[in-house]
Amino acid sequence: MELNGLHHVTAVSGKISQNADFYTRVLGLRLVKKSVNQDDTSAYHLFYADKVGSPGTDMTFFDWPQIGPEGRGTDSIVATAFRVASAESLDFWAQRLEKAGVETQAVAAQGDSPAMLLVEDPEGQRLILVDDGGAPFAGEIWESAGVPAQHALRGFYAAMLSTPSLEQGIGPILSQLLNYAEAGRRPNPYVPGGEIAVYQTRGGGPGRELWVVEEPDLAPARLGAGGVHHIAFRVADVDEQMAWRARIASVRLPVSQLIDRYYFKSIYFRISNGILFEIATDGPGFAADEDPAHLGEKLALPPFLEPQREAIEARLKPIVQE
């Protein structure tokens, strides 16, 4: 059994109009679905991805304006790494982001650690652009917002997590339960002289790596705007998903029942107080209820919420981009 890399990353925003502007106009991603948090319909849930919302390209946000900013710390998901095709692409993004008033920090390649560009969105969400050397990309580039196709974001490279203790925490879960293989250590891009443990899944697709940093001296993080709520791993279908559910339950980790999110099916399990994982199916996808040419243009609700549309829309503030 192998997970096929990252399916999506779900984060938190307190300023959803600013968020939509940054991820579409600045980063050039497509808003492929404008919906609501199915567990809290007073909040938007926005999905940014490639042209068609391919699994492995999808950064999503809950709109929680009252939550306050994230308190950074350990036992958390601390950064999301996106792929770009070349060193020239990193240069393009450094210049583009500077023009948009966004500070960046270049990190040179070291050994088998690729060159990177460290970025924060307007709310402090930590993003990393990684030169993937032109590795194949199975998605479809969204040519928009003035980003040339050769420099577009190409889905996920990795997610970075912090744990107080690698051996007594996330390490055995990744290697023994989720079948990730430890692939060695690399420099920590955020801490000079520090290192990250690199875990890789043998399954195909983007986002095959997880980077784990051990930070025993930090206080636990507090989720807020600018933080990550959970990461989701890819599986092909429900049969594979349910096999994973049985495996997780067999080691007595609490795991949810199958939840139909309409655009994919999900199970959730928490590996610590601060880190929530999801396993999501590749399909049916975001075109299940919208014409692919018009994804994300209107509020989309799954069928079980459609009877509540009038009440839901009345509670939502319009998203206004620059």
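Coordinates for the structure precede this section.
Since we're looking at a predicted model, the values are computed, not measured. (Residues numbered from 1 in each chain as written. Predicted model: local features only at pLDDT ≥ 70, side-chain atom pairs only at ≥ 80, totals over all residues. Heavy atoms only, no water.)

A.B. asks: Quick one: what's the story with the nonpolar core, residue by residue and with numbers?
C.D. replies: Among the nonpolar cores identified, the biggest contains 67 residues, and W93, L178, L210, I231 and F277 are the most heavily contacted of them. No other element matches helix α1 (residues 16-26), which puts five residues into this core. Other than its neighbours up to four places away in sequence, L210 contacts L6, A159, L161, L174, Y180, A197, V198, Y199, I231 and F233. Among the nonpolar cores identified, the runner-up in size contains 15 residues, and A81, V107, A158 and V198 belong to it. (Core = buried A, V, L, I, M, F, W, Y, C linked by side-chain atoms within 4.5 Å. Buried < 20%, exposed > 50% of the residue type's maximum accessible area, 1.4 Å probe, protein only. Helix = DSSP H or I, 4+ residues; strand = E, 2+ residues; numbered from the N terminus. Contact = heavy atoms within 4.5 Å.)

A.B. asks: An account of the sheet that holds strand β8 (residues 126-131) is needed here, citing residue identities and associated values.
C.D. replies: On the basis of which strands lie adjacent, the open sheet formed by eight strands has the order β6-β7-β8-β5-β9-β12-β11-β10 and mixed pairing. Among the strands making up the open sheet, the edge pair consists of β6 (104-107) and β10 (181-187). Neighbour-to-neighbour, the strand axes of the sheet open up by a mean angle of 25 degrees, direction not taken into account. Examined bridge by bridge, strand β7 (residues 116-120) and β8 share five bridges and lie antiparallel to one another. Bridging from a neighbouring strand, L117 pairs with L129 of β8. Contacts between helix α2 (residues 87-99) and the sheet are confined to β5 (76-84), β6, β7 and β8, with β7 contributing the most and set at about 25 degrees to the helix. (Pairing = 2+ DSSP bridges. Axes fitted to C-alpha atoms, helices over the stretch in contact; angles between N-to-C directions.)

A.B. asks: An account of helix α3 (residues 170-177) is requested, with residue identities and associated values reported.
C.D. replies: In an α-helix, one full turn covers 3.6 residues, which means residues spaced three or four apart are oriented alike. Of all the positions in α3, only I170, G171, I173, L174 and L177 are classed as buried. Directly after α3, the chain includes N179, whose backbone phi takes a positive value near 65 degrees.

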